[in-house]
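As a plain string of letters, each chain reads:
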Amino acid sequence: MFLGRIVGTLVATRKEATLDGLRFMVVRRLSIDNDDEAGYVVAADAVGAGVGEVVMVASGSSARQTVYTDKRPCDAVIMAIVDTWEVDGVEKYQKSTP
Amino acid sequence: MFLGRIVGTLVATRKEATLDGLRFMVVRRLSIDNDDEAGYVVAADAVGAGVGEVVMVASGSSARQTVYTDKRPCDAVIMAIVDTWEVDGVEKYQKSTP
Amino acid sequence: MFLGRIVGTLVATRKEATLDGLRFMVVRRLSIDNDDEAGYVVAADAVGAGVGEVVMVASGSSARQTVYTDKRPCDAVIMAIVDTWEVDGVEKYQKSTP
Amino acid sequence: MFLGRIVGTLVATRKEATLDGLRFMVVRRLSIDNDDEAGYVVAADAVGAGVGEVVMVASGSSARQTVYTDKRPCDAVIMAIVDTWEVDGVEKYQKSTP
Amino acid sequence: MFLGRIVGTLVATRKEATLDGLRFMVVRRLSIDNDDEAGYVVAADAVGAGVGEVVMVASGSSARQTVYTDKRPCDAVIMAIVDTWEVDGVEKYQKSTP
């Protein structure tokens, strides 16, 4: 999986029929140190994530292993909201608590 | 999924038999900010998209999860026509209304 | 799918048993404008293509969706010979007629 | 598979239900010569690996071929802890013995 | 498939149980012209290849289509030993005969 930050939403009225009801989020890739990268993906949301949250994205056939994406033409899914990660003992991200 | 703009069509008379009837579109990749990128893909069309439209493309085995592409040697499918997306609160694309 | 030009053939006598009889072609990637790129792939041929022809290549599990490649350890297949494609109204390639 | 070093752990309380119990590790990619690379992946652990260890990671649908990851939205798994590898007769890594 | 040269072996005592008995080879990627590239992959061997040999590697789910790798967490397999290939009429590699 890679790490990303949800930076926005995407609306697509005309789409393959089985995709009705899926929420599509624009996810900017993050480096291992939590810096923005140029890359992005549009992913379906399987966990009720919102704009601004840092998430994990699974790609390929693994993106279809949720009840929301099963048997659908979808190759990227948000499958977790990240609380924190660390690299070499340094915390790189900590989800803010409300 | 990634975002792209359909820039043209492709004709291939001689092809694997199960591909008969599929429409192949040349899709240029777009950056998260809606700028043209060098990358492209040739994708089958599952939603009746036309040249000039901005679309979402699913790749890999997920590209076969439509009635048009099921069990066919096709690794990219246009599965949605994009109306709009935004990044950090800024609208990056808005489909023009006729 | 990506576009490529068949630049040569590859011979491999010792190979996984199920691959017997497959023809392996060296395919150089082409840009969207029909320029040579550094990238390449070795692909199985499912359409009787020959050296010099411009073709479409499907990758991953989609490469196994032909009678020639089904259930075989093959991740790239030539599934169409390209006649022509265009980009923004400009024809980028036209197969020469004999 | 690619080679990587486990540099940290990741916590995600809110995640797709089937992922409960999986341990997620942040894995930095290593070059063929055992140098750190910029790339990384977050992988599920199938072998009881710990921070600091050098491991092999399998990606895509292959990442789901373990009892921990079967049918789950997970596209990267640590499937082996590396003892040693060599390149052109030179040992590039040797796991230290306790 | 891509072309590579086997540059070494890898030992991993602790690994996912189904991988027991597989031989893991370090494969350096080769360019279309048979030059070394920086990229590499660790691949399971399905054809009895040895260090120094030039081989073809299949990736992803296609890597599991051999008796050695079926249903195992393995995303790259050596499925052929290359005898020769040519590019634009020029032989780029010829296996030496003993």
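Numbering of residues starts from 1 in each chain and follows the order in which that chain's sequence is written. Each chain gets a letter, beginning with A, and each ligand a number, beginning with 1, in the order they are written. For a predicted model such as this one, the threshold for reporting local features is a pLDDT of at least 70, and the threshold for listing and counting side-chain atom pairs is 80 or more; totals across whole chains, interfaces and linings nevertheless cover every residue. The side-chain figures draw on all heavy atoms in the structure; neither hydrogens nor water molecules are used.

A. View of the packing of aromatic side chains. Between the rings of Phe, Tyr and Trp (Trp by its six-membered ring), a pair exists once the centres lie within 6.5 Å; its type follows the angle of the planes, with under 30 degrees stacked, over 60 edge-to-face, and the other angles tilted. Scanning the entire structure with this criterion turns up five aromatic pairs over all chains. Two thresholds decide whether a charge sits over a ring: the Lys NZ or Arg CZ must be within 6 Å of the ring centre and within 35 degrees of the ring normal. The ring of Phe2(C) is capped by Arg29(C), whose NZ or CZ atom sits 3.8 Å from the centre of that ring.

B. Just the side chain of Thr84(A), in detail. Put simply, DSSP H or I for four residues or longer makes a helix, DSSP E for two residues or longer makes a strand, and each gets a number counted from the N terminus. The residue Thr84(A) is located in strand S7 (residues 84-87) in this model. A polar contact of 2.7 Å, which involves the side chain of Thr84(A), links it to the backbone oxygen of Tyr93(A). By definition, residues are in contact when any of their heavy atoms lie within 4.5 Å. Apart from residues no more than four positions distant in its own chain, Thr84(A) is found in contact with Glu91(A), Tyr93(A), Gln94(A), Thr9(D), Leu10(D) and Val11(D). By the criterion applied in these results, polar contacts are pairs of N or O atoms within 3.5 Å in which, for protein atoms, one can donate a hydrogen and the other can accept it, and in which residues neighboring in sequence qualify only through two side-chain atoms.

C. Up close: the interface of chain E and chain C. On the side of chain C, 29 residues touch chain E, which itself brings 29 residues to the contact. Put simply, buried area is how much 1.4 Å-probe accessible surface two parts lose in total, over both of them, once they are put together. Together chain E and chain C conceal approximately 2,300 Å² of surface at their shared face, both sides included; 52% is due to carbon and sulfur atoms. Here, a salt bridge means any side-chain nitrogen of Lys or Arg that lies within 4 Å of a carboxyl oxygen of Asp or Glu. For the pair chain E and chain C, the interface holds one salt bridge. Here Arg5(C) ties to Asp88(E) by a salt bridge, and the two come within 3.5 Å at their closest N and O atoms. Viewed at the interface, chain C and chain E are joined by 17 residue pairs in polar contact (both at pLDDT 80 or more). For the side of chain E that touches chain C, the secondary-structure elements that each account for two or more residues are strand S1 (2-11), strand S5 (54-59), strand S6 (76-81) and strand S7 (84-87) of chain E. Note that Gly is not counted as nonpolar here; it falls among the polar residues with everything else outside the nonpolar set of Ala, Val, Leu, Ile, Met, Phe, Trp, Tyr, Cys and Pro and the charged set of Asp, Glu, Lys and Arg. Among the residues forming the side of chain E that touches chain C, the class breakdown is 17 nonpolar, nine polar and three charged. As defined by bridge partners, strand S1 (residues 2-11) of chain C adjoins S7(E) across two bridges and the pair is classed as antiparallel. For Val11(C), the partnering residue across the bridge sits in S7(E) and is Thr84(E). Between any two strands, at least two bridges found by DSSP are needed for them to pair.

D. Layout of the relation of the copies chain E and chain C. Least squares is the method used to superpose the copies, on C-alpha atoms of residues holding a pLDDT of at least 70 in both. Of the transformation superimposing chain E on chain C, the axial component is 0.0 Å and the angular component is 72 degrees, with the fit at an RMSD of 0.0 Å. Expressed as a symmetry operation, the mapping of one chain copy onto the other fits a five-fold axis. Taken as a fraction of all interface residues of chain E, those also at the interface in chain C reach only 3%, which identifies the copy contact as different-surface.

E. Here's a closer look at the interface of chain D and chain A. With 29 residues of chain D at the contact, the number on the chain A side is 29 residues. Of the roughly 2,300 Å² buried between chain D and chain A, counting both surfaces, carbon and sulfur atoms make up 53%. Across the contact surface, chain D and chain A share one salt bridge. Connecting chain D to chain A are 17 residue pairs in polar contact (both at pLDDT 80 or more). For the side of chain D that touches chain A, the secondary-structure elements that each account for two or more residues are strand S1 (2-11), strand S2 (14-15), strand S3 (24-30) and strand S4 (36-45) of chain D. Top contributing element to the side of chain D that touches chain A by residue count: S1(D), with six residues.

F. Region of interest: the pattern of salt bridges. This model, assessed by the stated rule, comprises 40 salt bridges over all chains. For Asp36(B), the salt bridge identified is with Arg5(B), shortest N-O distance 3.0 Å. One end of the pair, Asp36(B), is in strand S4 (residues 36-45); the other, Arg5(B), is in strand S1 (residues 2-11), and 31 residues separate them in sequence. It is possible to trace a salt-bridge network through shared partners that takes in Arg5(A), Arg28(A), Asp36(A) and Asp88(B).

G. Up close: the pairing of strand S6 (residues 76-81) of chain A. Each residue is placed in one exposure class: buried if its accessible area under a 1.4 Å probe, protein chains only, is under 20% of its type's maximum, exposed if it is over 50%, and partly exposed if it falls in between. Within S6(A), six of the six residues are buried, leaving the element largely enclosed by the surrounding structure. Inspection of the sheet shows strand S4 (residues 36-45) of chain A paired to S6(A) by two bridges, in the parallel sense. Paired with Asp45(A) across the two strands is Ile78(A), which belongs to S6(A). Relative to S6(A), strand S5 (residues 54-59) of chain A is paired through five bridges, and the arrangement is antiparallel. By the bridge assignment, Met56(A) is partnered in S6(A) with Ala80(A). One ladder, built from two bridges, connects S6(A) with S2(D); its direction is antiparallel. Across the sheet, residue Ala80(A) finds its bridge partner in S2(D), namely Lys15(D).

H. Structural context of the relation of the copies chain D and chain A. When chain D is fitted to chain A, the best match, at an RMSD of 0.0 Å, comes from turning it 72 degrees and sliding it 0.0 Å along the axis. Interface overlap between copies: only 3% of the residues of chain D at the interface are likewise at the interface in chain A, consistent with a contact formed by different surfaces.

I. Looking closely at the side chain of Asp75(C). Inspection of the secondary structure puts Asp75(C) in the loop between strand S5 (54-59) and strand S6 (76-81). As used throughout, the charge tally considers Lys and Arg to be positive and Asp and Glu to be negative, leaving His and the chain termini uncounted. Within the buried core, Asp75(C) has no salt-bridge partner, and the shortest N-O distance to an opposite charge, that of Arg29(E), equals 7.9 Å. A distance of 2.7 Å separates a polar side-chain atom of Asp75(C) from the backbone nitrogen of Met1(E). With residues near it in sequence (within four places) discarded, Asp75(C) still touches Ala58(C), Ser59(C), Gly60(C), Ala63(C), Met1(E), Val57(E), Ala58(E), Ser59(E) and Ser62(E).

J. Representation of the environment of Asp88(C). Turning to its location among the elements, Asp88(C) is positioned in the loop between strand S7 (84-87) and strand S8 (90-94). Assessed through its relative accessible area of 46%, Asp88(C) is described here as partly exposed. Residues Asp88(C) and Ala46(C), 42 residues apart in the sequence, show an inter-C-alpha distance of 30 Å. Excluding residues within four positions of it along the chain, Asp88(C) makes contact with Arg5(B) and Val7(B).

Limitation: the analysis is restricted to geometry and does not speak to function.
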